[in-house]
Amino acid sequence: MYSDIRQVPDNQEVFVHELTDQSIIIELLEYDGTVQGQQAVVHHFEELARSNSAVGHQISFVNQLPKEQLALTACQEAYLITGQQQVAKFHEGDDASNVVTIQLALFRLPQYTTDILMSFNDPTYISQESSSASSATARASQNVGQWTENQWQACINSLTLRDPSIFIT
């Protein structure tokens, strides 16, 4: 897929707020049966920190999502993790590290050998050395509406699988 911001693999959809640097990413990943329960979403969070070359990261909490609240009835279990990563956008260097609150929702679909991972990236501190500094300045000078926790929860709760034939079995 073509993007003006970054290369987007075929297994991802990326939505970026044009003024706040927030993003929501939906990924289809191969199901990893070696990690179970809450450890599966912790594994994905830590893998994201490694792939982002995060200077630091911490987990605030991990919860199992109640299946009765989810529209994605095909998932066998779902988890939500919230934490922070100190990371430079586009690997700009440690001086350009931003603090980003990251929430991951993991939907486990072992019958399709698939994990669906939704990420909500919400910058809470933007370094002046970051390429995002200009958008942070613009956001501060305008009363820009950020994506909210309620909107993120609506994304999680409303995710559906319309055509399971996308999975090769």
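Structure report, in brief. Since the structure is predicted, the reported quantities are computational estimates derived from the model, not experimental observations.

### Overview of the pairing of strand β1 (residues 12-16)
Two faces belong to every sheet, and in a regular strand the side chains alternate between them. One ladder, built from 5 bridges, connects β1 with strand β2 (residues 23-30); its direction is antiparallel. Following the sheet pairing, V14 is matched in β2 by I25.

### Focus: the environment of H43
One can find H43 in helix α1 (residues 38-51). On a C-alpha basis, the gap between H43 and D32 in space is 9.9 Å, while along the polypeptide they are 11 residues apart. Ignoring anything within four residues of it in the chain, the contact list for H43 reads D32 and V35.

### Things to note about α1
The end-to-end C-alpha distance of α1 is 20 Å, a good match for the 20 Å that 14 residues give at a rise of 1.5 Å each. Those residues of α1 that fall on the buried side of the exposure criterion are A40, V41, V42, H44, F45 and A49. Just beyond α1, the residue with positive phi is S53, at close to 55 degrees.

### Brief notes about the pattern of salt bridges
Scanning the entire structure with this criterion turns up 2 salt bridges. Salt-bridge contacts for R108 lead to D115; the nearest nitrogen and oxygen are separated by 2.9 Å. Each member of the pair, R108 as well as D115, carries the same accessibility label: buried.

Scoring rules and cut-offs
- Residues numbered from 1 in each chain as written.
- Predicted model: local features only at pLDDT ≥ 70, side-chain atom pairs only at ≥ 80, totals over all residues.
- Heavy atoms only, no water.
- Pairing = 2+ DSSP bridges.
- Helix = DSSP H or I, 4+ residues; strand = E, 2+ residues; numbered from the N terminus.
- Contact = heavy atoms within 4.5 Å.
- Expected span 1.5 Å × (residues − 1).
- Buried < 20%, exposed > 50% of the residue type's maximum accessible area, 1.4 Å probe, protein only.
- Salt bridge = Lys/Arg side-chain N within 4 Å of Asp/Glu carboxyl O.

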